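Topology and contacts: notes
The residues making up each chain are set out below.
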Amino acid sequence: MKALDRTSALKRIPILQSMSEASLEHVTQLCRWREYAPGEQIVGYLDAITDVLFLLSGKARVIIYSAEGRGVVFIDLVPSTMFGEIAAIDRKPRSAGVEAIEPCTVAALSASQFEDLLRQEPEVALATLRHVVAEVRRLSERVFEFSTMVVQNRIQAELVRLAAQAGYSTGQAVLSPAPSLSDIAGRVSTHREAVSRELSRLSTIGLLRREHGDLAIVDVAKLRKLVDEAKGE
């Protein structure tokens, strides 16, 4: 990325959108920039480095591996996403690892630089608070699901989330490419066989359809209704 392209890319980060061009250009110069190949680790679980990072291009995954090597997937990150802010705020080891799924461009600020930015830019500080609160709400919802819902319903809830990320306007969402059985299993703490059974069942009742390597959710509203009923809503 050229310097101008980098500044434009940072401008798309939600917490930085209130900044003036001059201030944003200064942040661009402070950032350390790096490219990551698919499968490469961006952040290691329990790493002591406390930078805050901005994903400018590509796709990355927040994940922790168990001692047996089983991956627990927290979320997939898309361009214009900030991550690593927890360690940057409390200066403690990383709470999860992040690895590139696609070729990624990442910009990093040290924890001290990020703290200075929050002090100097009140709107950035407020936007960061809102970002952290949104993450707390998202994780609280996941804890509730793991505590109260059976695997079948957790798979349905994850499909609804993936549909929202993919975007839809006609009641149907297409996940392209289709997530693997292992990916979905890692997101909802189950095994591939359970995911395969539930996807087959949802296909049988007409809620899912395979399309040349993609997965179409035929009726997102109906799938969401199943999840809401499981939650008692």
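Residues numbered from 1 in each chain as written. Predicted model: local features only at pLDDT ≥ 70, side-chain atom pairs only at ≥ 80, totals over all residues. Heavy atoms only, no water.

1. Some details on the packing of helix α6 (residues 151–166) against helix α7 (residues 181–188)
Filter applied, for reference: Axis lines are fitted through C-alpha atoms, for helices just across the contact stretch, and the angle between N-to-C directions can take any value from 0 to 180 degrees. Secondary structure elements are taken from DSSP: a helix is a run of H or I of four residues or more, a strand is a run of E of two residues or more, and numbering for both begins at the N terminus. Orientation is classified from the angle alone, with under 35 degrees giving roughly parallel, over 145 giving roughly antiparallel, 65 to 115 giving roughly perpendicular, and any other angle giving oblique. The contact criterion used throughout is that any non-hydrogen atoms of two residues lie within 4.5 Å.
Where α6 meets α7, the axes come as close as 10 Å, and the angle between the chain directions of the two elements is 110 degrees. Relative to α7, the element α6 lies roughly perpendicular. On the side of α6, the interface is formed by Arg154, Ile155, Glu158, Leu159 and Leu162, while α7 contributes Ile184, Arg187 and Val188.

2. Comments concerning α7
To keep things clear, this is the line we draw: Working definition: with a 1.4 Å probe on protein chains only, accessible area under 20% of the residue-type maximum means buried, over 50% means exposed, and in between means partly exposed.
Residues of α7 that are buried: Ile184, Ala185, Gly186, Arg187 and Val188. For α7, the secondary structure elements touched by its buried residues are β4 (60–65), β5 (71–77), α5 (122–148), α6 and α8 (192–204). Ser189, located one to two residues past α7, shows a positive phi value of around 55 degrees.

3. Some points on the sheet that holds strand β10 (residues 208–211)
Convention followed: Should DSSP find at least two bridges between two strands, the strands are regarded as paired.
Spatially, the three strands line up as an open sheet ordered β9-β11-β10, and their pairing is antiparallel. Of all the strands in the sheet, the pair left with one neighbour each is β9 (173–175) and β10. Neighbour-to-neighbour, the strand axes of this sheet turn through a mean angle of 25 degrees, independent of strand direction. Bridge count between β10 and strand β11 (residues 214–217): four bridges; the pairing is antiparallel. Its bridge partner lying in β11, Arg210 is registered against Leu215.

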